[in-house]
Amino acid sequence: MKQRILTGVTTTGTPHLGNYVGAIRPAILASQNSEVDSFFFLANYHGLIKCKDPELIHQSILSVAATWLAAGLDYEKVTFYRQSDIIEVPELNWILTTCCAKGLMNRAHAYKAAVQENLDKGINDVDHGIEMGLYCYPVLMAADILAFNANLVPVGKDQIQHLEMARDIAARFNHRYQPIFNLPEVLIDEDTPLLSGLDGRKMSKSYGNTIPLFENEKKLRKIIMKIVTNSLEPGEPKATDDSSLYEIYAAFATEDERKAFENALKDGIAWGEAKQVLFQKLNDVLAPMREKYEYLIAYPNEIEEILQYGAQKARKVTAPLLQEIKSAVGIRILK
Ligand code: TRP
């Protein structure tokens, strides 16, 4: 059987340049390999944990789906769906909750960080303000993965612990009932660049330093001009290390273009001019995708159709597997 690769994106907000370079582009490239079966989904139930704005939860599906499709995801070749359309996922979530040690969840990084925040604030109740959604986040993620019996899960390093937990939960189920689940492995791509943002820190929504992916040309230019640089004058040679401007350029350029840009910096190109070169490069790469994106955003019913189609494909895997799982725990029809 082919390797099953599965990954999800939490849908809160609109993807930025860092998401594209760090996750979307490599995932789409990997999905073009015909040796693997790829599953991509929009984790809107996970979205509910952080985002309490119904309109944003709703809109994020549209912008994230449109981004992936515009970036070239082939929804015929891969299985592309919305988490909430796969009813087997929350069903399995519950079954897995009954196979998950509470102590395991106590050790989750996100939960521990929230507890620490309370302690730091001198709040006596360490669980103050913490909801069960945050606490049980890793179980739902395990359900996402195990409902497809996926083998490989490409994620960022921050998700490694979640994969360990998914394996733990799967192993407990297998041991207690029947060996149904593969133990999924994390797939970390060390070559994928982590893009820096406008201020030189890692590009992240929480730092407010992102460059949007599909803003119009004028706005894109304006944002590029805001990239923080050092105070070296035109004519002074500029280094490429810790220059987010160079780093972003390199993430979009061919090897020859990258070298030429490196030389131009060494030769003392003015920062303003370098920003213009970066803008031109980004715009050349992004313009065709932006056009597709704008089209899709204007026709949400087309995206809905694509997602429904994906859900049908996905449930061909999850529905029979859930029958087997439920039967293994003793939930089956009387006869
Ligand atoms: N937790 C992942 C993230 O924040 C998103 C996610 C949810 C996911 N379910 C998943 C990723 C299942 C891989 C597999 O990046």
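Residues numbered from 1 in each chain as written. Predicted model: local features only at pLDDT ≥ 70, side-chain atom pairs only at ≥ 80, totals over all residues. Heavy atoms only, no water.

Draft legend 1. Examining the site of the ligand more closely. Of all residues adjacent to the ligand, which total 13 residues, the nearest are His46, Tyr137, Met141, Asp144 and Gln159. Bound to the protein, the ligand loses 87% of the 370 Å² it would expose on its own. Listing elements by their share of the shell around the ligand, those giving two or more residues are strand S1 (3-10) and helix H8 (137-146). (Near = heavy atom within 4 Å. Areas by Shrake-Rupley, 256 points an atom, 1.4 Å probe, with all protein chains shown as cover. Helix = DSSP H or I, 4+ residues; strand = E, 2+ residues; numbered from the N terminus.)

Draft legend 2. Structural view of the packing of aromatic side chains. Throughout the structure, instances matching the rule amount to 13 aromatic pairs. Centre to centre, the rings of phenylalanine 173 and tyrosine 177 are 5.0 Å apart; their planes meet at 50°, and the pair counts as tilted. Residue phenylalanine 173 is classed as buried on the basis of its relative accessible area, which comes to 0%. On the basis of relative accessible area, tyrosine 177 is assigned to the partly exposed category, the value being 31%. With 4.1 Å between their ring centres and 25° between their planes, tyrosine 249 and phenylalanine 261 make a pair best called stacked. Within this pair, whereas tyrosine 249 is found in helix H11 (residues 244-252), its partner phenylalanine 261 is found in helix H12 (residues 255-266), the two being separated by 12 residues in sequence. According to the relative accessible area criterion, tyrosine 249 is buried, its value standing at 7%. Joined through ring pairs, the aromatic side chains of Phe39, Phe41, Tyr81 and Phe148 make up one cluster. (Phe/Tyr/Trp six-rings, centres within 6.5 Å; stacked < 30°, edge-to-face > 60°. Buried < 20%, exposed > 50% of the residue type's maximum accessible area, 1.4 Å probe, protein only.)

Draft legend 3. Inspection of the pairing of S1 at higher detail. Summarising the sheet, S1 and strand S2 (residues 36-43) pair through eight bridges and their orientation is parallel. Bridge pairing links threonine 10 to alanine 43 in S2. Taken together, S1, helix H1 (residues 17-31) and S2 constitute a β-α-β crossover, and its handedness is right-handed. (Pairing = 2+ DSSP bridges. Right-handed = clockwise from strand over helix to strand, strands pointing away.)

Draft legend 4. Broad picture of the environment of glutamate 236. Relative to the helices and strands, glutamate 236 is located in the loop between helix H10 (217-224) and H11. By relative accessible area, which is 32% here, glutamate 236 ends up partly exposed. Remark: the alpha-carbon pair of glutamate 236 and lysine 266, spanning 30 residues in sequence, is separated by 7.9 Å. Excluding its chain neighbours within four sequence positions, the residues that come into contact with glutamate 236 are Leu265 and Gly268. (Contact = heavy atoms within 4.5 Å.)

Draft legend 5. Region of interest: the nonpolar core. By size, the foremost hydrophobic cluster in this structure holds 52 residues, and its most contacted members are Leu17, Trp68, Phe80, Ile211, Ile248, Phe252 and Leu282. Mapped by element, the contributors of at least two residues to this core are H1, S2, helix H3 (54-70), H10, H11, H12, helix H13 (271-298) and helix H14 (300-329). Ranked by residues supplied to this core, first place goes to H13 with nine residues. When we break this core down by domain, the ones giving at least three residues each are domain 1 (3-193 + 300-329) and domain 2 (214-294). For isoleucine 211, the contacting residues outside a window of four places in its chain are His16, Leu17, Leu198, Met203, Leu220, Ile223, Ile224, Ile227 and Ile248. In terms of nonpolar packing, the next biggest core, distinct from the first, is built from 49 residues, Ala108, Ala147, Phe148 and Leu163 among them. (Core = buried A, V, L, I, M, F, W, Y, C linked by side-chain atoms within 4.5 Å. Domains from an automatic or database assignment.)

Draft legend 6. Broad picture of the environment of glutamate 185. Topologically, glutamate 185 is positioned in strand S5 (residues 185-187). Once the C-alpha coordinates of glutamate 185 and proline 154 are considered, the two residues, 31 residues apart in sequence, prove to be 8.6 Å apart. Setting aside its immediate chain neighbours within four residues, glutamate 185 contacts Asn151, Leu152, Val153, Leu163 and Arg167.

Draft legend 7. Just the domain arrangement of the protein, in detail. You can read the domains of the protein as domain 1 (3-193 + 300-329) and domain 2 (214-294). Put simply, the middle of domain 1 and the middle of domain 2, counted by C-alpha atoms, are 34 Å apart. Domain 1 puts 11 residues into the contact, and the matching count from domain 2 is nine residues. Of the roughly 820 Å² buried between domain 1 and domain 2, counting both surfaces, carbon and sulfur atoms make up 73%. Seen at the junction of domain 1 and domain 2, the total is one residue pair in polar contact (both at pLDDT 80 or more). (Buried area = accessible area lost by both parts, 1.4 Å probe. Polar contact = N/O pair within 3.5 Å; in protein donor to acceptor, adjacent residues only side chain to side chain.)

Draft legend 8. How the structure looks around unusual backbone geometry. If you check the backbone angles, asparagine 149 has positive phi at about 45° while not being a glycine. Position of asparagine 149 relative to the elements: it lies in the loop between H8 and strand S4 (152-154). Residue classification places asparagine 149 among the buried positions, given a relative accessible area of 11%.

Draft legend 9. Structural context of the pairing of S2. Most of S2 is tucked away, with seven of its eight residues classed as buried. Note that S2 and strand S3 (residues 79-82) share four bridges and pair parallel. Directly across from phenylalanine 41, in S3, lies its bridge partner tyrosine 81.

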